[in-house]
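Tertiary structure, described
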Amino acid sequence: MKTSFPKDKIKAVLLEGVHEAGATMLADQGFQVERVAGSPPAEELATLLADAHLVGLRSKTQLRAPQLVGASRLLAVGCFCIGTDQVELDAARRAGVPVFNSPFGNTRSVAELTVAEIVLLCRRVFEKSTMMHAGVWDKSALGAREVRGRTIGIIGYGHIGSQVSVLAEALGMRVLFHDVVPKLALGNAQQAESLDAMLEAADIVTIHVPADASTERLLGEAEIARMPRGAILVNNARGRVVDLAAVKAAIESGHLAGGAFDVFPQEPRGRGEPFESELRGLSNVILTPHIGGSTLEAQEAIARDVATKLIKFVNIGSTTGAVNLPQVELPMQTGAGELARPHRVLHFHQNVPGVLSKINSALGAEGVNVRSQSLQTDGDIGYVVLDVDPSASEAALDSLHSIEETIRTRVLW
Ligand code: NAI
């Protein structure tokens, strides 16, 4: 008889120093948890993934199709961060492996850092501090500005962008934003007619868009040229959104008065590895090592959020919060009296016309009594969850395996 996979055989590999709250939650479920401090090189990653059922990572570890193919036991991926572009989502989707993230856990941390940097850049604080460390006393108001009354242009008015909007307005700034979709403007903020219109009006531009084809090099030479002379640029989103050679030229020519950059097209894999960038050594440019969301508060909130999603998927099959597969929210299976707690069969399949009737015919032919069925589809993939009589789960699995559209099945009790 096939059995629900024992919890103590489930191995979770947590990379990149995921907060211990996540490890504790998974261990409390009885899972084996292996923690790795950094992002391992390819060979070590392949070894770690070979027998892992769950993998948790942050922004450095790349999980592309070859790594996913090598991870034949993988049930789910947890991105303990906001972005998920480090995982080849479509490859995971085709394998029936849900990818979870934490869209809100570190929103406030990034917004706070962004606003703080804007104030420091407008006062040229880092430049002055660097001079002081070199023994130079340069008391002068030259180039120092208040932020009050100045215009901030926010590109991407999502979770972080809208929080920056609230904080900036509290400092007396005028807020303009650009987003590809119409957004509810908070407070007195205004959605600009176009990116160009926003760039031309903003003293300070801050970027909060995801990395995708539409945002690749969104800000290059032409866009920076539209910003007023003396403007400031902040990118705490993703490195490939900005052309750094164009930023360097604009800082050197004085067109940009400064900038802050937390993310880069190529980032070192871990602590201690050398950092190379054309922005090194430029005056009034703050460089930070992708720490926008890295506060203790955020790390713990993210760890709890993602661990909860992984546990719910392993234990009851819920895919709520999955970024690459249909989302099905499920209650715990319950049973009472003569009706024993049902077995739950999870089934990822190719969503082609007629597949559901094939599933139901196959189950009917085996005499499987289905107590409840939940289905969600998303494009070419479907996810159906069946609660069946305990005596019928083996027959249900066998009949589902015989359907050619089946991607993956699992049974839980
Ligand atoms: P979000 O998804 O809530 O907001 C993104 C916004 O950008 C959405 O409103 C969307 O409509 C808009 N957008 C998408 N494409 C656009 C385009 N081509 N032009 C204009 N607007 C566009 O994301 P959230 O939570 O605000 O995060 C933003 C980004 O910040 C993340 O995708 C991530 O890359 C980055 N991030 C960086 C961190 C760090 O440590 N530096 C930490 C957390 C997030």
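Here, the structure is the one placed above.
Every chain's residues receive numbers from 1 upward, in the order its sequence appears when written. Local features in this predicted model are restricted to residues whose pLDDT is 70 or higher, and side-chain atom pairs enter the listing and the counts only when it is 80 or higher, whereas totals over whole chains, interfaces and linings include all residues. Note that water and hydrogens are dropped before the side-chain values are worked out from all heavy atoms of the structure.

With that out of the way, let us pick up helix 7 (residues 159-170). Spanning 12 residues, helix 7 covers 17 Å between terminal C-alpha atoms, matching the ideal 16 Å at 1.5 Å per step. The classification of residues rests on relative accessible area computed with a 1.4 Å probe and restricted to protein chains. Under 20% of the type maximum is buried, over 50% is exposed, and intermediate values are partly exposed. Counting from the N terminus, the helices are DSSP H or I runs at least four residues long and the strands are E runs at least two residues long. Restricting attention to buried positions, one finds in helix 7 the residues Ile-160, Gly-161, Ser-162, Val-164, Ser-165, Leu-167 and Ala-168. Throughout, a contact is declared for two residues whenever any of their heavy atoms are within 4.5 Å. Of the surrounding elements, those touching the buried residues of helix 7 are helix 5 (107-122), strand 6 (151-155), strand 7 (174-178) and strand 9 (204-207). Looking one or two places after helix 7, you find Gly-172, whose phi comes out positive at around 90 degrees. Residue count minus one, scaled by 1.5 Å, sets the expected span of a helix.

Now for the sheet that holds strand 5 (residues 99-100). Across the sheet, five strands lie side by side as 2-1-3-4-5; this open sheet has parallel pairing. For this open sheet the edge positions go to strand 2 (32-35) and strand 5, each flanked by a neighbour on one side alone. Paired strands are those between which DSSP finds at least two bridges. Here strand 3 (residues 54-57) runs beside strand 4 (residues 76-79); their pairing, made up of four bridges, is parallel. If you follow Gly-56 over to strand 4, its bridge partner there is Gly-78. Under this scheme, a helix contributes an axis fitted over its contacting stretch, all axes are lines through C-alpha atoms, and angles between N-to-C directions fall in the 0 to 180 degree range. Docked against the sheet, helix 11 (residues 296-316) engages strand 3, strand 4 and strand 5, running at close to 170 degrees with respect to strand 4.

In this approach a probe as big as a water molecule rolls over the atoms, and the regions it shows empty are the leftover space. Estimated volume of the second largest pocket: approximately 560 Å³. Among the secondary structure elements, those contributing two or more residues to the lining of the second largest pocket are helix 11, strand 13 (343-350), helix 13 (393-401) and strand 16 (406-412). Broken down by element, the residue count for the lining of the second largest pocket peaks at five residues, all from strand 16. Here the lining of the second largest pocket is composed, by residue class, of 13 nonpolar, nine polar and six charged. Domain start and end points were adopted from an automatic or database domain assignment. Counting residues domain by domain, the lining of the second largest pocket receives three or more from each of domain 1 (10-106 + 295-325) and domain 3 (326-413). Using protein atoms alone on a 1 Å grid, points that fit a 1.4 Å probe yet trap it form a cavity, whereas open point sets bounded by protein on both sides within 12 Å along at least five of seven lines form a pocket; residues with an atom within 4 Å of a point count as lining. Grid points are joined across faces, edges and corners, and a volume is the space filled by probe spheres set on the points. Throughout this entry, Asp, Glu, Lys and Arg are counted as charged residues, while Ala, Val, Leu, Ile, Met, Phe, Trp, Tyr, Cys and Pro are counted as nonpolar. The remaining residues, Gly among them, count as polar.

All right, on to the site of the ligand then. Consider each residue's heavy atoms; a residue with any of them within 4 Å of a molecule or strand counts as near. Lining the immediate surroundings of the ligand are 27 residues, of which His-159, Ile-160, Asp-179, Ser-214 and Asp-262 lie closest. In the model, an oxygen atom of the ligand is placed 3.4 Å from a nitrogen or oxygen of the Gly-292 main chain. Polar contact is the term for a pair of N or O atoms within 3.5 Å; when the atoms are in protein, one must be able to donate a hydrogen and the other to accept it, and sequence-neighboring residues count only if both atoms are side-chain atoms. In this structure, Gly-293 approaches the ligand through a main-chain N or O atom, which is 3.0 Å from an oxygen atom. Calculation of accessible area relied on Shrake-Rupley with a 1.4 Å probe; when residues are assessed, cover is drawn exclusively from the protein chains displayed. For the ligand, the accessible surface in isolation is 860 Å², of which the surrounding protein chains cover 88%. Partitioning the shell around the ligand into residue classes produces 11 nonpolar, 12 polar and four charged. Residue contributions to the shell around the ligand reach at least three from each of two domains, namely domain 1 (10-106 + 295-325) and domain 2 (107-287).

The definition of a nonpolar core used throughout is a set of buried Ala, Val, Leu, Ile, Met, Phe, Trp, Tyr and Cys residues joined through side-chain atoms within 4.5 Å. By size, the foremost hydrophobic cluster in this structure holds 32 residues, and its most contacted members are Leu-26, Phe-31, Leu-54, Phe-80, Leu-310, Phe-313 and Tyr-383. Looking at this core, the elements with two or more residues in it are strand 1 (11-14), helix 1 (20-28), helix 11, strand 13 and strand 15 (381-388). Per-element accounting of this core gives the leading share, eight residues, to helix 11. Three or more residues apiece are contributed to this core by two domains, here domain 1 (10-106 + 295-325) and domain 3 (326-413). Excluding its chain neighbours within four sequence positions, the residues that come into contact with Tyr-383 are Phe-313, Gly-317, Thr-319, Pro-326, Val-328, Leu-346, His-347, Phe-348, His-349, Ser-374, Leu-375 and Gln-376. Of all hydrophobic cores here, the second largest spans 30 residues; its members include Ala-202, Val-205, Ala-250 and Leu-279.

Here the focus is the side chain of Asn-101. Structurally, the position occupied by Asn-101 is in the loop between strand 5 and helix 5. Taking relative accessible area as the criterion, Asn-101 reaches 7% and is therefore assigned buried. A polar side-chain atom of Asn-101 sits 2.8 Å from the main-chain carbonyl oxygen of Ile-82. Discounting residues that sit within four places of it in the chain, Asn-101 has contacts with Cys-79, Cys-81, Ile-82, Thr-84, Asp-305, Val-306, Lys-309, Gly-321 and Val-323.

What follows is about the packing of helix 5 against helix 7. Any two packed helices are characterised by how steeply their axes cross, that is the angle between the axes, and by the distance between the axes. At a minimum axis distance of 9 Å, the contact between helix 5 and helix 7 shows a crossing angle of 45 degrees. Considering the angle they form, helix 5 stands oblique to helix 7. In this structure, the crossing between helix 5 and helix 7 has a hand that is right-handed. The segment helix 5 lies against helix 7, with Thr-107, Arg-108, Val-110, Ala-111, Glu-112, Thr-114 and Val-115 engaging His-159, Ile-160, Gln-163, Val-164, Leu-167 and Ala-168. Split by residue class, the contact of helix 5 with helix 7 holds seven nonpolar, four polar and two charged. Any angle that falls under 35 degrees is termed roughly parallel, while one over 145 is termed roughly antiparallel, one within 65 to 115 roughly perpendicular, and all others oblique. Two helices cross in a left-handed way if the nearer one is turned anticlockwise from the farther one by less than a right angle. They cross in a right-handed way if the turn is clockwise.

For the rest of this paragraph, the subject is the pairing of strand 16. For strand 16, a buried count of five out of seven residues is recorded, marking the element as mostly surrounded by other parts of the structure. Alignment of strand 13 against strand 16, held across six bridges, turns out to be antiparallel. Bridged to His-349 within strand 16 is Thr-406.

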